[in-house]
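Descriptive structure summary
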Amino acid sequence: MNHTDRELVQRWISGIPYEVAFWRSYYGNRRRRRDLFGWSLYGRECDTENFDMQAFMASMRREEADPLVLDVGCALSYAFGNIADGKPMRVEYVDPLAPFYNEILDRYGIERPRISFGMAETLSASYAEGSVCFVHIRNALDHSADPATAIVEAIRVLRRGGVLYCNHFRNEAEREGYRGFHQFNIDEEDGHMILWNRGMRVDVNRMTEGFAEVEVSRTAGGRIVAVLRKTSEVPRGTSGASAGARASEMLMATVCHFHSAGRSAAYQFKRLYCTAGHRMMRLMPWAVLDKVKAWAGRKQK
C-alpha cells in the first residue's frame, strides 16, 4: 500500500464518527425514523431508476432458481426493494460499518435484516467470483476509501451478464464540502461515468473496457445512474493487489492510524462532536438544515 492509498484509508477512518452519529441520531428521533420507513422500499417491489429490474431478475431466474443480490454500502436506509417480478429476492445487505449499524437496530428493536460486514474494495474476499447476479450501490460508492477499486471488485464477483447498478447524487463531495465519508464525486460526461475529487479523476468506461459494458444516464431529479454489465472475467491485477492482500493492508493501515495518540484522541473528540451535532440537526426543519449544510459547504471551499 503506497502513501496515497494510506491517505485514502485514513480519510475514510476519519469519516466513521460522522456516519455512525448520523444514523444513531436518525434512528433515535422517532419522527425522522418514521419518515425514513415511509420511503424505504424494504418489503416492496424494487424500483431502480433508469433500469428494468423486473425484467432483469426474471431473466436471471430462468438460469438460476434463487440468484444472489447484494446491496453494498447499504447503511440503514433500506432504500433497495427486496421484491422483483412479484417474488422475494435473496438480498444480502453489506456494509463495512455493520457492527455499528446492527447495534443501532438492536437498541431500538427494529425489525429489519441485520447487516453483513464487507468492504466494497475487498468484495471478492467475501464472495466468490461469479457468485452474484446483481450488485446495488446507492449513495455509497462515493463514500468508500477507493471507489475505482470498489467498482472492479463488484464486477469481479458478478456472473457474466450480471449487473452492477450505481445510483448517486451528482458531485456529492462538492456539495457536502468534503466532510465525513464524502471524499469523491460521481458525474457523467458524454455518456461516461467519471469519479473525481480535488486530486484524482477516473473515467470508469475506459477503466472497465474489456470486461464490462457501461451505460450512464441522469434521472429526472439529476442523479447519476450507471449500469455496468459484466461481459468477461476481470483480468488479474486490474485492481492492484488481491482482495485478501488489500484487506490485510487496510487492517494494518488502520492499526497504524490508531497507534498515534494524537489521531486516537482526535477520533474520540470527533465522535463526541458529531454525536452532539447530528442530534441538534435532527431537531431542525429540512429547509433550515439544507441552508446550514449549503453554508458549511461554502465555508469548506
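Scope of this entry: the structure provided in the associated data block. The model shown is predicted, which means the values in this text are computed figures rather than measured ones.

Helix and strand counts for the protein stand at 11 helices and 12 strands. Taking the principal axes of the C-alpha coordinates as reference, the protein spans close to 50 × 45 × 35 Å. Pairs at least 24 residues apart make up 68% of the contacts formed inside the protein by residues separated by at least 6 positions. Taken together, the 42 basic and 37 acidic charged side chains of the protein have centroids lying 8 Å from each other.

Turning our attention to the environment of Ala220. Structurally, Ala220 can be placed in the loop between β11 (212-218) and β12 (224-230). By relative accessible area, Ala220 is classed as exposed at 92%. Sequence spacing of Ala220 and Arg170 is 50 residues, and the spatial spacing of their C-alpha atoms is 12 Å.

The next subject is the sheet that holds strand β8 (residues 185-189). The strand order across the open sheet built from 3 strands is β8-β9-β10, with neighbouring strands paired in antiparallel fashion. Lying at the two open borders of the sheet, with one neighbouring strand each, are β8 and β10 (201-203). Taking each pair of neighbouring strands and ignoring which way they run, the sheet shows an average axis angle of 25°. By the bridge criterion, 3 bridges tie strand β9 (residues 192-196) to β10 in an arrangement that is antiparallel. Across the sheet, Trp196 pairs through a bridge with Arg201, a residue of β10.

With that out of the way, let us pick up unusual backbone geometry. Backbone geometry at Asp85 places phi at a positive 55°, although glycine is not the residue there. Within the secondary structure, Asp85 sits in the loop between β2 (83-84) and β3 (87-88). Note on Asp85: relative accessible area 40%, which makes it partly exposed. One non-glycine residue, Asn171, lies in the positive phi region at around 50°. Mapped onto the secondary structure, Asn171 falls in the loop between β7 (158-168) and α7 (172-176).

We now examine the nonpolar core. With 44 residues, the main nonpolar core has Trp23, Tyr27, Met53, Phe56, Met89 and Phe134 as its most contacted residues. Counting residues per element, this core draws most heavily on helix α2 (residues 16-28), which supplies 5 residues. When near neighbours in sequence (up to four residues on either side) are disregarded, Met89 contacts Cys46, Met53, Met57, Arg61, Val69, Phe80, Gly81, Asn82, Ile83 and Ala84. One finds Val72, Leu123, Ile151 and Ala154 within the second-largest nonpolar core, a separate group that totals 35 residues.

The next subject is the sheet that holds strand β5 (residues 116-117). Strand-to-strand pairing in sheets goes through backbone hydrogen bonds, with the strands running parallel or antiparallel. In space, the 7 strands of this open sheet follow the order β5-β4-β1-β6-β7-β12-β11, with mixed pairing throughout. Both outer strands of the open sheet, β5 and β11, are each paired with one neighbouring strand and no more. Of the pairings in the sheet, the one linking strand β6 (residues 132-138) to β7 comprises 6 bridges and is parallel in character. Considered in β7, the bridge of Ile137 is made with Cys166. Running over the sheet, helix α4 (residues 53-63) touches β1 (68-72), β6, β7 and β12 and is turned about 160° from β7. Lying on the sheet, helix α6 (residues 147-157) is in contact with β6, β7, β11 and β12; it crosses β7 at an angle near 145°.

The subject of this paragraph is the pattern of salt bridges. A complete count under the given rule lists 17 salt bridges for this structure. With a shortest N-O distance of 3.7 Å, Glu103 and Arg24 are connected by a salt bridge. A residue pair is termed long-range when its members are at least 10 positions apart, and Glu103 in helix α5 (residues 98-107) and Arg24 in helix α2 qualify at 79 residues. With a closest N to O distance of 3.4 Å, Arg90 and Asp66 form a salt bridge. Residue Arg90 is located in strand β4 (residues 90-95), and its partner Asp66 is located in the loop between α4 and β1; the two are separated by 24 residues in the primary sequence.

Cut-off values and rules
Residues numbered from 1 in each chain as written. Predicted model: local features only at pLDDT ≥ 70, side-chain atom pairs only at ≥ 80, totals over all residues. Heavy atoms only, no water. Helix = DSSP H or I, 4+ residues; strand = E, 2+ residues; numbered from the N terminus. Contact = heavy atoms within 4.5 Å. Lys, Arg positive; Asp, Glu negative; His and termini not counted. Charge placed at Lys NZ, Arg CZ, Asp CG, Glu CD. Buried < 20%, exposed > 50% of the residue type's maximum accessible area, 1.4 Å probe, protein only. Pairing = 2+ DSSP bridges. Axes fitted to C-alpha atoms, helices over the stretch in contact; angles between N-to-C directions. Core = buried A, V, L, I, M, F, W, Y, C linked by side-chain atoms within 4.5 Å. Salt bridge = Lys/Arg side-chain N within 4 Å of Asp/Glu carboxyl O.

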